[in-house]
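# Observations on the three-dimensional arrangement
If you want the building blocks of each chain, they are given just below.
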Amino acid sequence: MGHPLDKFKYCPVCGSANWEEHNFKSKQCSDCGFVYYANPSSATAAFIMNGRHELLVVRRAKEPSKGTLDLPGGFVDIGEDIEQGMRREVLEETGLEVDEITYLFSTPNEYVYSDMLIYTIDSDYLIRVPNDINPVGNDDATDAHWIPIEEVNPEDFGLLSIRRGIRRFLAERLWEKY
């Protein structure tokens, strides 16, 4: 797949082809001096739990890993803080409006989109909701449903970063700590 900066052949400021590797995370134009850094994008994932110790999962509507289980979440938009992005993604994918969210942990991730490797930093949150909440799958999710926490299998989740997060959530029993 290569480094994400490999896709950029010309300086975005002056258009020069003298656009060369500056270091692992940046390219520099030798004509105008502009340096561009490929910093990670912010992304979120929500561990939404009800009082019956059930985890809300969604089914991915799009590639990568279309059709596999996922947690509600996604990329943070320009101008949003991470918490706003988390709330927006939960609303878009499940129809749930949530207020209180608790930060759990973050992990670096690599996400392939349109044949391009995107580096992300995933921020994972715990969200508690009442038992009578009935989510619906919307936007990037074809389905949303509850799974008893003891039946959650990390291997059912298609994205590596989500599997890692699920393993940590289960191993550390984080729903009991917050």
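First things first, this report covers the structure right here in the doc. (Residues numbered from 1 in each chain as written. Predicted model: local features only at pLDDT ≥ 70, side-chain atom pairs only at ≥ 80, totals over all residues. Heavy atoms only, no water.)

## What about the overall build of the protein?
The helix and strand inventory of the protein stands at three helices and ten strands. Over its C-alpha atoms, taken along the principal directions, the protein stretches across nearly 60 × 30 × 30 Å. Across the 178 residues that make up the protein, the buried fraction comes to 43%. The long-range share in the protein, meaning contacts at least 24 apart out of those at least 6 apart in sequence, stands at 58%. Total accessible area on the protein is roughly 9700 Å²; 48% of this is exposed by carbon and sulfur atoms. Averaging the locations of the 18 positively and 31 negatively charged side chains of the protein gives two centres separated by 4 Å. (Helix = DSSP H or I, 4+ residues; strand = E, 2+ residues; numbered from the N terminus. Buried < 20%, exposed > 50% of the residue type's maximum accessible area, 1.4 Å probe, protein only. Contact = heavy atoms within 4.5 Å. Areas by Shrake-Rupley, 256 points an atom, 1.4 Å probe, with all protein chains shown as cover. Lys, Arg positive; Asp, Glu negative; His and termini not counted. Charge placed at Lys NZ, Arg CZ, Asp CG, Glu CD.)

## Topic: the environment of Gly165
Here Gly165 is to be found in helix H2 (residues 160–171). Assessed through its relative accessible area of 4%, Gly165 is described here as buried. Separated by 58 residues in the primary sequence, Gly165 and Thr107 have C-alpha atoms spaced 8.1 Å apart. If sequence neighbours within four positions are ignored, Gly165 has contacts with Phe47, Phe105 and Asp124.

## Points about the packing of aromatic side chains
Counting across every chain of the model gives six aromatic pairs. With a centroid separation of 5.3 Å and an interplanar angle of 80°, the aromatic rings of Phe75 and Tyr111 are classed as edge-to-face. Note that Phe75 is positioned in strand S7 (residues 73–75) and Tyr111 in strand S8 (residues 102–113), a separation of 36 residues in sequence. For Phe75, a relative accessible area of 31% corresponds to the partly exposed category. For Tyr111, a relative accessible area of 15% translates into the label buried. Ring geometry for Phe169 against Trp175: centres 5.4 Å apart, planes inclined by 45°, an arrangement best described as tilted. (Phe/Tyr/Trp six-rings, centres within 6.5 Å; stacked < 30°, edge-to-face > 60°.)

## Side note on the side chain of Asp122
Counting through the fold element by element, Asp122 comes out in strand S9 (residues 116–128). Here Asp122 occupies a buried position and makes no salt bridge, while the nearest side chain of opposite charge, Arg164, is found at 7.8 Å. In this structure the side chain of Asp122 is engaged in a polar contact, spanning 3.3 Å, whose partner is the side chain of Asn109. Excluding anything up to four places from it in sequence, Asp122 contacts Ala43, Phe105, Ser106, Thr107, Asn109 and Ser161. (Salt bridge = Lys/Arg side-chain N within 4 Å of Asp/Glu carboxyl O. Polar contact = N/O pair within 3.5 Å; in protein donor to acceptor, adjacent residues only side chain to side chain.)

## Structural notes on the sheet that holds strand S3 (residues 35–37)
With antiparallel pairing, the three strands of this open sheet are ordered in space as S1-S2-S3. Each edge of the sheet is formed by a strand with only one pairing partner; in this case those strands are strand S1 (19–23) and S3. When strand polarity is set aside, the average angle formed by the axes of neighbouring strands in this sheet is 30°. Of the strand pairs in this sheet, S1 and strand S2 (residues 26–29) are connected by four bridges, and their pairing is antiparallel. Considered in S2, the bridge of Glu21 is made with Lys27. (Pairing = 2+ DSSP bridges. Axes fitted to C-alpha atoms, helices over the stretch in contact; angles between N-to-C directions.)

## Here's the deal with the pairing of strand S5 (residues 54–60)
Regular strands have side chains that alternate between both faces of the sheet. Counting buried residues along S5, six of its seven residues qualify, which places the element largely inside the surrounding structure. Here S5 runs beside strand S10 (residues 141–148); their pairing, made up of seven bridges, is antiparallel. Its bridge partner lying in S10, Glu54 is registered against Pro148. Where S5 and strand S6 (residues 69–70) come together, two bridges link them in antiparallel fashion. Looking at S6, one finds that Arg59 is bridged to Leu69.

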